[in-house]
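Residues per chain, in single letters:
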Amino acid sequence: MADEKEVAATHTGSDSPSPGPEADKKYGIKEHWKCLAACTLVSMCPFQYGLDFGLIGGLQAMVGFLKIFGHPAPELPSGWNIGTERQQLISSLMTLGAFISSSAAGPIAGVMSRRMAIWSASLLCIVSNIIMMSTTNIGGLYAGRLLIGLANGMFMTFSQLYIQECSPARYRGLMISSFQVWTSLGSLVGTIVDNFTEKIDGRNSYLIPLGLIFIMPVLMSLGLLLIPESPRWLMQHGKPEQARKALRWHRPFPEARIDAEIRDIEVALETESHHKSIPVWDMFRDPVDRRRTVLAVCGLTVQGASGAMYMIAYGTYFFRMAGIGQPFENSCILNGVGIVAILINSALITNFGRRRVFLVSGLVLCGLAQLLTAVVYTVNPGTKSTGQAIVALAVIYIFGYNGMVATYAWVSGGELPSQRLRSYTFGLATAVGFFAAWLTTFTAPYFINPEALNWGPKYGYIWLPSCLISAAWVYFFLPEVKNRTLEEIDEMFEARLPAKKFRKYVCVSGGTVASGSDVDTGSKKGDDVVHAEEVKV
């Protein structure tokens, strides 16, 4: 009762500010367990995306697969190879499909809820895998790769939207960062299974790994029956009673606090309701929405700019063609290191900022690791010591990418779209990210395949400038929104704050800075807290 009176006292009118994150600090993981469990379930969707990359990267170095879809190559260590064109299409058609489906996230969200979209992706994933397992024709394999890409794009986009809209502000970063955990875990499982089955003679060597693809769609389809829909999606589609019921399931708050949060969502939607034009144009028409769109797109695209996709998509093949150690074991090591890096950074994400320290440091580390890999191979190619050095640098690279770049790119890019345009903006951002991934996976074979340019590890020279430019953009333009509610993020963008002032801005709606710990993290003497009345709109 005391909690209800306290909250009610702060909401005497429709214009009264609602409690910010500070007021909710007493509600911890124990109180939020149902919401966090639901978000954890949905965050498992990227497991499928990572599993696909882990499996397909290994299949292209697997003799049983190459005997059907490749050709003899006696001059190579394995005696078999695959043509550059086929290699490009097998890997890149999946990312092309993901680009197409994520681009359509806005229109899809108009007719499908978050859960319904994930159910549809599960069905499409099952159908595509049946095609891939049953065909021995390259055209059938291409069709299966494109369809599974469509499914993966929906998995990645709509699971992110669900988590962004449902998770509590203080745990949103942790929940979004778990995406990369599941992606890397999927890649690890895929490479481990490939490692054991590549010794099997015949089609079973690759059919057994492909069979794993059925697991996640079935698990997700059953799990979604146990959790409610996104309250914000329900509110946006004129279903306030269902939204209230879903929010009550997600939040441990007293009824008055539930009313306050529903009111905050209503106010945010009413503020944006004057936009009656087609949403896709609104992403660029209004200066505030245009800024949020550019930030979200660029925030996610730094993953592609790091050059990681060629290592993720072709790591096993890359090691085998370069004659570096045991290719399947090396890929398992890299994925294991990636998971450790993500777990470490997931533990830090709720206590530290996301921008300068992690994204900038991660991008610089990735660029330097790739440069050193290229230099080492150029100076002394083909020796055992060079191979050991390249594997060590690959471990450092994956630690920087998985633990810093990918994790924080998803977090930063996912929090920045406006609520009204969230499906469109995040769909576009994800699509551009997938396009960057497609571009890398499509062009990488030209550089690393012995039948093309045969650069091998020297391909790393290309990525240092890309990483440094991305790091500079993050430092100067990406705002910090740690522990902010989605409504507070809306307010800060409407105030047109420069990126450097986001962290210390005091929101009218919440009445606090993001959190007490965040105010002091990385601050210097003389830093001033920015209040709403100090900003010139």
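- The chain goes by General substrate transporter in an unreviewed UniProt entry, where it is assigned to Lasiosphaeria miniovina.
- Recorded in UniProt under Sequence similarities (unreviewed entry), the annotation for the chain is "Belongs to the major facilitator superfamily. Sugar transporter (TC 2.A.1.1) family."
- Looking at the chain in UniProt, the text filed under Subcellular location (unreviewed entry) is "Membrane".

### Details of the environment of E329
Turning to step 1, where the next piece is worked out: Tracing the sequence through the fold places E329 in helix α18 (residues 327-348).
Turning to step 2, where the next piece is worked out: Under the relative-accessibility criterion, E329 is labelled partly exposed at 33%.
Turning to step 3, where the next piece is worked out: Measuring from C-alpha to C-alpha, the distance between E329 and I192 comes to 8.0 Å, with 137 residues separating the pair along the chain.

### So, the packing of helix α3 (residues 46-59) against helix α9 (residues 169-197)
Turning to step 1, where the next piece is worked out: For the pair α3 and α9, the least separation of the axes is 6 Å and the interaxial angle reads 30°. Taken together, the axis directions place α3 and α9 in an arrangement best described as roughly parallel. Relative to α9, the crossing made by α3 is right-handed. In this structure, α3 contributes P46, F47, Y49, G50, L51, F53, G54, L55, G58 and L59 to the contact, and α9 contributes F179, W182, T183, L185, G186, S187, V189, G190, T191 and D194.
Turning to step 2, where the next piece is worked out: Of the residues assigned to the contact of α3 with α9, the class counts are 11 nonpolar, eight polar and one charged.

### Digging into the nonpolar core
Turning to step 1, where the next piece is worked out: Residues F65, I90, I118, F158, Y206, I213 and M220 are the most contacted members of the largest nonpolar core, which totals 70 residues.
Turning to step 2, where the next piece is worked out: The dominant element in this core, judged by the number of residues it contributes, is helix α8 (residues 138-166), at 13 residues.
Turning to step 3, where the next piece is worked out: Among the nonpolar cores identified, the runner-up in size contains 45 residues, and W473, V481, I489 and M492 belong to it.

### With respect to empty space enclosed by the protein
Turning to step 1, where the next piece is worked out: Counted under the stated rule, the structure contains four cavities of 30 Å³ or more.
Turning to step 2, where the next piece is worked out: Estimates place the volume of the largest cavity at around 470 Å³.
Turning to step 3, where the next piece is worked out: Along the walls of the largest cavity sit 31 residues, with F53, T183, M309, I312 and Y401 positioned nearest its centre.
Turning to step 4, where the next piece is worked out: Put simply, the parts of the chain that give the lining of the largest cavity at least two residues each are α3, α9, α16 (287-305), α17 (308-321), α18, α20 (384-415) and α21 (422-448).
Turning to step 5, where the next piece is worked out: Looking at the lining of the largest cavity residue by residue, the class counts come to 13 nonpolar, 18 polar and no charged.
Turning to step 6, where the next piece is worked out: Approximately 90 Å³ is the volume found for the second largest cavity.
Turning to step 7, where the next piece is worked out: What lines the second largest cavity is a set of 10 residues, and nearest its centre among them are Y310, M311, Q370, T373 and A394.

### Regarding the pattern of salt bridges
Turning to step 1, where the next piece is worked out: Here the structure, examined in full by the defined rule, presents 14 salt bridges.
Turning to step 2, where the next piece is worked out: The salt bridge involving D52 is made with R145; its shortest N-O contact spans 2.8 Å. Here D52, found in helix α3, pairs with R145, found in helix α8; they are 93 residues apart in sequence, far enough to count as distant. Exposure class is identical for D52 and R145. Each is buried.

### Overview of α16
Turning to step 1, where the next piece is worked out: Look at α16: 26 Å from first C-alpha to last across 19 residues, which is about the 27 Å you get at 1.5 Å a residue.
Turning to step 2, where the next piece is worked out: Where α16 bends most, the angle comes to about 25°, and this point is G299.
Turning to step 3, where the next piece is worked out: Put simply, D286 is the residue that caps the front of α16, since its side-chain oxygen is 3.0 Å from the backbone nitrogen of V288.
Turning to step 4, where the next piece is worked out: G307 occupies a position one or two residues after α16 and carries a positive phi of about 80°.

### Examining a nonpolar patch on the surface
Turning to step 1, where the next piece is worked out: Judged by side-chain polarity, V218, L222, L225 and L226 come together as a nonpolar surface patch covering roughly 430 Å² of accessible area.
Turning to step 2, where the next piece is worked out: By secondary structure assignment, the location of L226 is in the loop between α11 (215-223) and α12 (231-236).
Turning to step 3, where the next piece is worked out: Overall, the relative accessible area of 66% leaves L226 in the exposed class.

### Quick word on the packing of α3 against helix α5 (residues 84-103)
Turning to step 1, where the next piece is worked out: Contact geometry for α3 and α5: axes closest at 11 Å, N-to-C directions at 170°. It follows that α3 is roughly antiparallel to α5 by the angle criterion. For the pair α3 and α5, the contacting residues are Y49, D52, F53 and I56 in the first and I90, S91, M94 and T95 in the second.
Turning to step 2, where the next piece is worked out: Residue classes in the contact of α3 with α5 are distributed as five nonpolar, two polar and one charged.

### Structural notes on the side chain of E415
Turning to step 1, where the next piece is worked out: Mapped onto the elements of the fold, E415 is located in helix α20.
Turning to step 2, where the next piece is worked out: A polar side-chain atom of E415 sits 3.1 Å from a polar atom in the side chain of R172.

### Things to note about the side chain of R292
Turning to step 1, where the next piece is worked out: Within the secondary structure, R292 is located in helix α16.
Turning to step 2, where the next piece is worked out: A polar side-chain atom of R292 sits 2.7 Å from the main-chain carbonyl oxygen of L416.
Turning to step 3, where the next piece is worked out: Looking at R292, its side chain comes within polar contact range of the side chain of D490, at 2.9 Å.
Turning to step 4, where the next piece is worked out: Excluding its chain neighbours within four sequence positions, the residues that come into contact with R292 are L416, P417, S418, T425, I489, D490 and F493.

### As for the packing of aromatic side chains
Turning to step 1, where the next piece is worked out: Summed over the entire model, instances satisfying the criterion amount to 16 aromatic pairs.
Turning to step 2, where the next piece is worked out: Ring plane angle 20° and centroid distance 5.2 Å describe the contact between W438 and F442, whose orientation is recorded as stacked. Taken together, the residues span about one helical turn, with W438 and F442 both in helix α21 at a distance of four residues.
Turning to step 3, where the next piece is worked out: In this structure an aromatic cluster arises from ring pairing among F99, F435, W438 and F442.

### Things to note about the environment of A429
Turning to step 1, where the next piece is worked out: Tracing the backbone through its elements, the reader meets A429 in helix α21.
Turning to step 2, where the next piece is worked out: Take A429: its relative accessible area is 0%, and that puts it in the buried class.
Turning to step 3, where the next piece is worked out: In this structure, the C-alpha to C-alpha distance between A429 and G414, residues 15 residues apart in sequence, is 8.7 Å.
Turning to step 4, where the next piece is worked out: If sequence neighbours within four positions are ignored, A429 has contacts with A296, V297 and L300.

### Side note on unusual backbone geometry
Turning to step 1, where the next piece is worked out: One non-glycine residue with positive phi stands out, namely N454, at about 60°.
Turning to step 2, where the next piece is worked out: Mapped onto the elements of the fold, N454 is located in the loop between α21 and α22 (463-477).
Turning to step 3, where the next piece is worked out: Phi at R496 is positive, roughly 55°, even though this residue is not glycine.
Turning to step 4, where the next piece is worked out: By the secondary structure assignment, R496 is in the loop between α23 (486-494) and β3 (505-506).
Turning to step 5, where the next piece is worked out: Looking at R496, the relative accessible area reads 47%, which means it is partly exposed.

About the thresholds
Residues numbered from 1 in each chain as written. Predicted model: local features only at pLDDT ≥ 70, side-chain atom pairs only at ≥ 80, totals over all residues. Heavy atoms only, no water. UniProt positions renumbered as here; feature names shortened; annotations may be inferred. Helix = DSSP H or I, 4+ residues; strand = E, 2+ residues; numbered from the N terminus. Buried < 20%, exposed > 50% of the residue type's maximum accessible area, 1.4 Å probe, protein only. Axes fitted to C-alpha atoms, helices over the stretch in contact; angles between N-to-C directions. Parallel < 35°, antiparallel > 145°, perpendicular 65-115°, else oblique. Left-handed = near helix turned anticlockwise from the far one by under 90°. Contact = heavy atoms within 4.5 Å. Nonpolar A, V, L, I, M, F, W, Y, C, P; charged D, E, K, R; others polar. Core = buried A, V, L, I, M, F, W, Y, C linked by side-chain atoms within 4.5 Å. 1 Å grid on protein atoms, 1.4 Å probe; cavity = no way out; pocket = protein on both sides within 12 Å on 5 of 7 lines; lining within 4 Å. Points joined across faces, edges and corners; volume = space filled by probe spheres on them. Salt bridge = Lys/Arg side-chain N within 4 Å of Asp/Glu carboxyl O. Expected span 1.5 Å × (residues − 1). Bend = angle between axes of the 7 residues up to and from the residue. Polar contact = N/O pair within 3.5 Å; in protein donor to acceptor, adjacent residues only side chain to side chain. Patch = residues over 30% accessible without salt bridge, like charges linked within 9 Å, V, L, I, M, F, W, Y side chains within 5 Å. Areas by Shrake-Rupley, 256 points an atom, 1.4 Å probe, with all protein chains shown as cover. Phe/Tyr/Trp six-rings, centres within 6.5 Å; stacked < 30°, edge-to-face > 60°.

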